[in-house]
Amino acid sequence: MPPPLEQRRLLITDVPGPRSRELMARSAAAVAAGVSTTMPVFAAQAGGGVVVDVDGNSFIDLGSGIAVTTVGSSAPRVVDAVQRQVEAFTHTCFMVTPYAGYVEVAEALNRLTPGDHEKRTALFNSGAEAVENAVKIARAHTGRSAVVAFDHAYHGRTNLTMALTAKSMPYKSGFGPFAPEVYRAPLSYPYRDEAGLDGAAAARRAIDIIEKQVGAANLAAVLIEPIQGEGGFIVPADGFLPALAAWCREHDVVFIADEVQSGLARTGAWFASEHFGVVPDLVVAAKGLAGGLPLSAVTGRAAIMDAAHRGGLGGTYGGNPLACAAALAVIETITEERLLERAAEIEGVLLPRLQRLQAEDDRIGDVRGRGAMVAVELVRPGGTEPDPLLTQAVATAAHRQGVIVLTCGTYGNVLRLLPPLAITDELLTEALDVLAAVLAESGDRPVARVLDQETTS
Ligand SMILES: *Cc1c(COP(=O)(O)O)cnc(C)c1O
């Protein structure tokens, strides 16, 4: 194994450097244009809280490869487990010659997902594939076909999940026709909802639309991200999710939590549903589950999960043995290294600092999130009009300064922070210094006072 990566921000060339520029040119000539990249730098190594590029620049990682390397990239237990597995066997297909790792991942997820009812799990490869299977299972169980998803939702890029995803550009535009029987309901979005609309009222607003436009008798499932990912890290008002879940229970509608981004310790709980006191019927997990190896899961009530007929679920690679070995190592790492607590500590570093910045800068409309899933919504000064240009400018400037930060949001005006839980406080603070500085220098306003205050601390 190579020695552990030095945990520091280091820029030894312009960003992108010459090697990255050369690879970008080859990429443009070889890779389909539809597959775009956030940053023009190519990775050589990653671990802890840093990504090192092919030119030797070391970036502070606030992205975790989109919430995937929650335990850190190449986390030691994951490397070890995968190495042992790759030497034993790489694939037999669980549907042909099963293996224990798959069963152990199922047992672990049955234990770790909310609720102590009897559960079953099925494993797949990607988040989108698992969401599709959750819908298949809900339809098989209820004998109904309609599915409700929410404004700002992101559930993937396959045909059914494109239909479930809200945003047209870039996810859906030109790629239709989409799967039928998908309906959209309004979300609880405290920053943008009318004043006084609490969680219960927002749920009532959604349920009214569901009852009038779909009807519970036709509805297989309500699908929701407890904290939205791509849509803008929107945290619903308290009471919203429990009221929806209660309505689903009353009408035998399957309540599916898409925890692909929010799950597996990211928010300081195994699953974000726990923050809101909801027990979903089905939980979809993926991104953080296997430390970077492709693995996804649907876990839920045994009676619902077992509704699909024998042979109705599966896939060649679903629950691949390497990915299962990685997932077991991820779960062990989260437990042994107390990463739920670590995620809460990271929230304690990120939120207060960002709230202080917000108090000084009226372009920061909202600061929100849980654990190591925190966002800053940027707006035109003095109002709530989204400012995607400023957001892009800040992200690009941060990249040039050696900080990997991602954007999201229906309006493209949200900076999202998703550091690996293996990051140090020093790196986090340094990354926040960089963000504060580039924010102060970006857009059409002069360098703000916050710059002096925050970067000299
Ligand atoms: C990323 C994501 C998906 C899709 O996962 P893929 O592995 O990219 O298919 C689905 N739902 C949510 C909430 C996600 O963040």
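Residues numbered from 1 in each chain as written. Predicted model: local features only at pLDDT ≥ 70, side-chain atom pairs only at ≥ 80, totals over all residues. Heavy atoms only, no water.

**Student:** Explain helix H11 (residues 339–360) to me, using residue names and the numbers behind them.
**Tutor:** Spanning 22 residues, H11 covers 32 Å between terminal C-alpha atoms, matching the ideal 32 Å at 1.5 Å per step. Every buried residue of H11 is listed here: Leu339, Arg342, Ala343, Ile346, Leu350, Leu351, Arg353, Leu354 and Leu357. (Helix = DSSP H or I, 4+ residues; strand = E, 2+ residues; numbered from the N terminus. Expected span 1.5 Å × (residues − 1). Buried < 20%, exposed > 50% of the residue type's maximum accessible area, 1.4 Å probe, protein only.)

**Student:** Got a sec to walk through the environment of Gln45? Specific residues and values, please.
**Tutor:** Relative to the elements of secondary structure, Gln45 occurs in strand S1 (residues 43–47). A relative accessible area of 34% means that Gln45 is categorised as partly exposed. In the structure, Gln45 is positioned 11 residues away from Gly56 in sequence and 9.4 Å away in space, judged by C-alpha atoms.

**Student:** So what's going on with the domain arrangement of the chain? Which residues, and what values?
**Tutor:** Domain parsing of the chain yields domain 1 (18–61 + 338–456) and domain 2 (78–336). The gap between the C-alpha centroids of domain 1 and domain 2 is 27 Å. With 33 residues of domain 1 at the interface, the matching set in domain 2 holds 28 residues. Between domain 1 and domain 2, a total of about 2,400 Å² is buried, with carbon and sulfur atoms accounting for 57% of that surface. Summed over the three residues of domain 1 that lose the most area to domain 2, namely Leu340, Arg370 and Met373, the buried surface amounts to 32% of that side. Linking domain 1 with domain 2 are 2 salt bridges. A salt bridge links Glu230 to Arg416; the shortest N-O distance between them is 2.8 Å. Elements represented by at least two residues in the side of domain 1 that touches domain 2 include exactly H11, strand S11 (364–370), strand S12 (373–378) and strand S15 (414–417). Top element by residues in the side of domain 1 that touches domain 2 is S11. It accounts for 5 residues. (Domains from an automatic or database assignment. Contact = heavy atoms within 4.5 Å. Buried area = accessible area lost by both parts, 1.4 Å probe. Salt bridge = Lys/Arg side-chain N within 4 Å of Asp/Glu carboxyl O.)

**Student:** Outline the pattern of salt bridges, supporting the account with residue identities and numerical values.
**Tutor:** Scanning the entire structure with this criterion turns up 20 salt bridges. Between Arg120 and Glu118 there is a salt bridge; the shortest N-O distance is 2.8 Å. Judged by its relative accessible area of 31%, Arg120 is partly exposed. Under the relative-accessibility criterion, Glu118 is labelled exposed at 54%. Shared partners join several salt bridges into a network, and the residues in it are Arg192, Asp366, Arg368 and Glu377.

**Student:** I'd love a proper account of the site of the ligand, names of residues and values included.
**Tutor:** What surrounds the ligand is the set Ser126, Gly127, Ala128, Tyr154, His155, Gly156, Glu225, Asp258, Val260, Gln261 and Lys287. Between a nitrogen atom of the ligand and a main-chain N or O atom of Tyr154, the distance comes to 3.4 Å. Residue Lys287 places a side-chain N or O atom 2.6 Å away from an oxygen atom belonging to the ligand. Classifying every residue of the shell around the ligand by side-chain character gives 3 nonpolar, 5 polar and 3 charged. (Near = heavy atom within 4 Å. Polar contact = N/O pair within 3.5 Å; in protein donor to acceptor, adjacent residues only side chain to side chain. Nonpolar A, V, L, I, M, F, W, Y, C, P; charged D, E, K, R; others polar.)

**Student:** How would you summarise the pairing of strand S8 (residues 254–258) if you had to cite specific residues and measurements?
**Tutor:** Of all 5 residues in S8, 5 are buried, a share of seventy percent or more. Burial of the side chains of S8 extends over both faces: Val254, Ile256 and Asp258 are buried on one face and Phe255 and Ala257 on the other. Here 4 bridges tie strand S7 (residues 219–224) to S8, and the two strands are oriented parallel to one another. Across the sheet, the residue bridging to Ala221 is Val254, located in S8. The handedness of the S7 to S8 crossover, carried by helix H8 (residues 240–250), is right-handed. Bridge analysis of S8 against strand S9 (residues 282–285) gives 3 bridges, and the strand direction is parallel. The partner of Ala257 across the bridge, within S9, is Val283. (Pairing = 2+ DSSP bridges. Right-handed = clockwise from strand over helix to strand, strands pointing away.)

**Student:** Tell me about the sheet that holds strand S14 (residues 406–408), residues and numbers included.
**Tutor:** Across the sheet, which stays open at both edges, the 4 strands sit in the order S11-S12-S15-S14 with antiparallel pairing between neighbours. Edge positions in the open sheet fall to S11 and S14, since each of these has one partner strand only. Neighbour to neighbour, the strand axes of the sheet diverge by 25° on average, direction disregarded. Direction of pairing for S11 relative to S12: antiparallel, over a ladder of 6 bridges. Considered in S12, the bridge of Ile364 is made with Leu378. Packing against the sheet, H11 makes contact with S11, S12 and S15, and its axis sits at approximately 170° to S11. Running over the sheet, helix H12 (residues 388–400) touches S12, S14 and S15 and is turned about 35° from S15. (Axes fitted to C-alpha atoms, helices over the stretch in contact; angles between N-to-C directions.)

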